[in-house]
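# Summary of the model geometry
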Amino acid sequence: MKYISGFSFALAVTIFITFCNNKKESDTMESRQGITKTNWGNTDGKEVFLYTLTNAKGVQVKISTYGGIVTSWIVPDKNNATSNIVLGFDSLSGYLAKPPYFGALVGRYGNRIAKGKFKINTTQYTLVTNNGQNHLHGGNKGFDKVVWDAAIDNDATATLLLSYTSKDGEEGYPGNLKVNVRYTLTNDDELKIEYNATTDKATPVNLTNHSYFNLTGDVANSILDHTLMIKADNYTPVDTTLIPIGEIKTVKGTAFDFTTAKKIGRDIDNVPGGYDHNFVLSKTDTSLQQVAILSDSISGRLLEVFTMEPGLQFYTGNFLDGTFKARDGKPINQHTALCLETQHFPDSPNEPSFPTTILQPGKQYHTITVYKLSVNK
Ligand code: BGC
């Protein structure tokens, strides 16, 4: 009898331990795939949160409600070693020091509007000028420097919904603009960004994400050795203040020809200051299409860009000057990261020949961009 009860006790303990282990495993599974939230500090009297999106492979993207910033995207390389392929910081204070739009949602207007002035019909508007005489990326306090409201989409595995209402007159823009951005990390290692907006007065809208990529995950490696292909037969030349001069010029026979993949550094010496130009994508409709492929042989990583937008601002981090440091303390110098910003053309409100960026009341602004990461083994 004694023996049997001893045996039962041992069995009960075994069952209990097995149950606990299983539970532990299912808990880890849960925290592996999905989305989690942590407090990340305060600014503007508002609480800021950092969300971690994890897909089934364990790939993680972190997004802050301050600026809707993608703070990190950790992915494996060809040897299965993981690193962070975007510039960013681990604390809010890093962003409050105003790095140049690292990972941020940019709005109300991505890129420049000449002299901060434009007209809609006969009404003249004047925006804040924050880039010499021009308006850049939404002004002094663009969408990259506000705290967004956030919600988790419970019907999806790793989807974060961000929303922000930009008030009539903010940074000089007309109309109350309601913006929603939906970030999803898919199991195919795609970071999908879906933008929606509505307004109560006609206003320019041009939203984008300003992630800086270095596919090696190490800012000691220049992005001039990355290889890039852009499906663009034309680009918009700019004046000395980086405002398009209104022409659409062929890339053929110039340093701007990325129609066949080439090293970014190959022709950059022929572009004074480096690439900081809008490429006119060759796609002819607003469907979501692959428009660029970036790759790096050190890590084997490859990044595809898909967009519904007509333009791509290719920026080779020309103004990065070591002021900001990477997580490992290394200085973020010129050409140590690059941006592929999907958008309408810069200064469109002043260029009637460019596709319009004016959102009318009653209409829906809707655009999707996907960054898809893979590895060549
Ligand atoms: C612009 C650059 C600017 C950078 C950071 C890019 O989108 O084209 O001229 O320096 O953003 O602000």
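Residues numbered from 1 in each chain as written. Predicted model: local features only at pLDDT ≥ 70, side-chain atom pairs only at ≥ 80, totals over all residues. Heavy atoms only, no water.

## Topic: the site of the ligand
Inspection of the region around the ligand gives 13 residues, with Arg 112, His 137, His 210, Asp 276 and Glu 341 positioned closest. With respect to the ligand, the side chain of Asn 111 contributes an N or O atom lying 3.0 Å from an oxygen atom. Here Glu 341 contributes a side-chain N or O atom positioned 2.8 Å from an oxygen atom of the ligand. Protein contact buries 95% of the 300 Å² of open area that the ligand shows by itself. One can see that the ligand is located within the largest pocket. Its residues placed into classes, the shell around the ligand shows six nonpolar, four polar and three charged. (Near = heavy atom within 4 Å. Polar contact = N/O pair within 3.5 Å; in protein donor to acceptor, adjacent residues only side chain to side chain. Areas by Shrake-Rupley, 256 points an atom, 1.4 Å probe, with all protein chains shown as cover. 1 Å grid on protein atoms, 1.4 Å probe; cavity = no way out; pocket = protein on both sides within 12 Å on 5 of 7 lines; lining within 4 Å. Sits in = over half its atoms within 2 Å of the grid points. Nonpolar A, V, L, I, M, F, W, Y, C, P; charged D, E, K, R; others polar.)

## What about the pairing of strand 17 (residues 227-230)?
Each regular strand carries side chains that alternate between the two faces of the sheet. Relative to strand 20 (residues 262-263), strand 17 runs antiparallel, the two sharing two bridges. From the neighbouring strand, Thr 227 faces strand 20, where its bridge partner is Lys 263. Here four bridges tie strand 17 to strand 22 (residues 289-295), and the two strands are oriented antiparallel to one another. Looking at the pairing, Thr 227 lines up with Ser 295 of strand 22. (Pairing = 2+ DSSP bridges. Helix = DSSP H or I, 4+ residues; strand = E, 2+ residues; numbered from the N terminus.)

## A closer look at the nonpolar core
The biggest cluster of nonpolar side chains holds 61 residues, and the ones touching the most others in it are Trp 73, Tyr 183 and Phe 314. Tallying contributions element by element places strand 13 (residues 177-185) first for this core, with five residues. Ignoring sequence-local partners within four residues, the contact set of Phe 314 consists of Leu 228, Ile 230, Phe 258, Ile 264, Tyr 275, Asp 276, His 277, Phe 279, Leu 338, Cys 339 and Leu 340. (Core = buried A, V, L, I, M, F, W, Y, C linked by side-chain atoms within 4.5 Å. Buried < 20%, exposed > 50% of the residue type's maximum accessible area, 1.4 Å probe, protein only. Contact = heavy atoms within 4.5 Å.)

## As for the packing of aromatic side chains
Two aromatic rings are characterised by how far apart their centres lie and by the angle between their planes. By the definition in use, this model includes 23 aromatic pairs. Ring plane angle 50° and centroid distance 5.3 Å describe the contact between Phe 213 and Tyr 371, whose orientation is recorded as tilted. Highlighted residues: Phe 213 in the loop between strand 16 (208-209) and strand 17 and Tyr 371 in strand 27 (residues 365-375), separated in sequence by 158 residues. Relative accessible area serves as the criterion here: at 1%, Tyr 371 is assigned to the buried category. With centroids separated by 6.1 Å and ring planes inclined at 50°, the aromatic side chains of Phe 256 and Phe 279 adopt a geometry described as tilted. Pair noted here: Phe 256 is in the loop between strand 19 (249-250) and strand 20 and Phe 279 is in strand 21 (residues 276-281), with a separation of 23 residues, a long-range link. A relative accessible area of 8% means that Phe 256 is categorised as buried. Each member of the aromatic cluster is reached from another via a ring pair, and the members are Trp 40, Phe 89, Tyr 95, Phe 102, Tyr 212, Tyr 315, Phe 319 and Phe 324. Over the face of the ring belonging to Phe 258 we find Lys 262, whose NZ or CZ atom lies 4.4 Å from the ring centre. (Phe/Tyr/Trp six-rings, centres within 6.5 Å; stacked < 30°, edge-to-face > 60°. Lys NZ or Arg CZ within 6 Å of the ring centre and 35° of its normal.)

## Thoughts on the sheet that holds strand 25 (residues 339-343)
If you walk across this open sheet you meet the five strands as 19-18-21-24-25, and the pairing is antiparallel. Pairing within the sheet leaves two strands with one partner each, and these edge strands are strand 19 and strand 25. Summarising the sheet, strand 18 (residues 232-236) and strand 19 pair through two bridges and their orientation is antiparallel. The residue bridging Asn 234 from the neighbouring strand is Thr 250, located in strand 19.

Take it as geometry only, folks, not as evidence of what the structure does.
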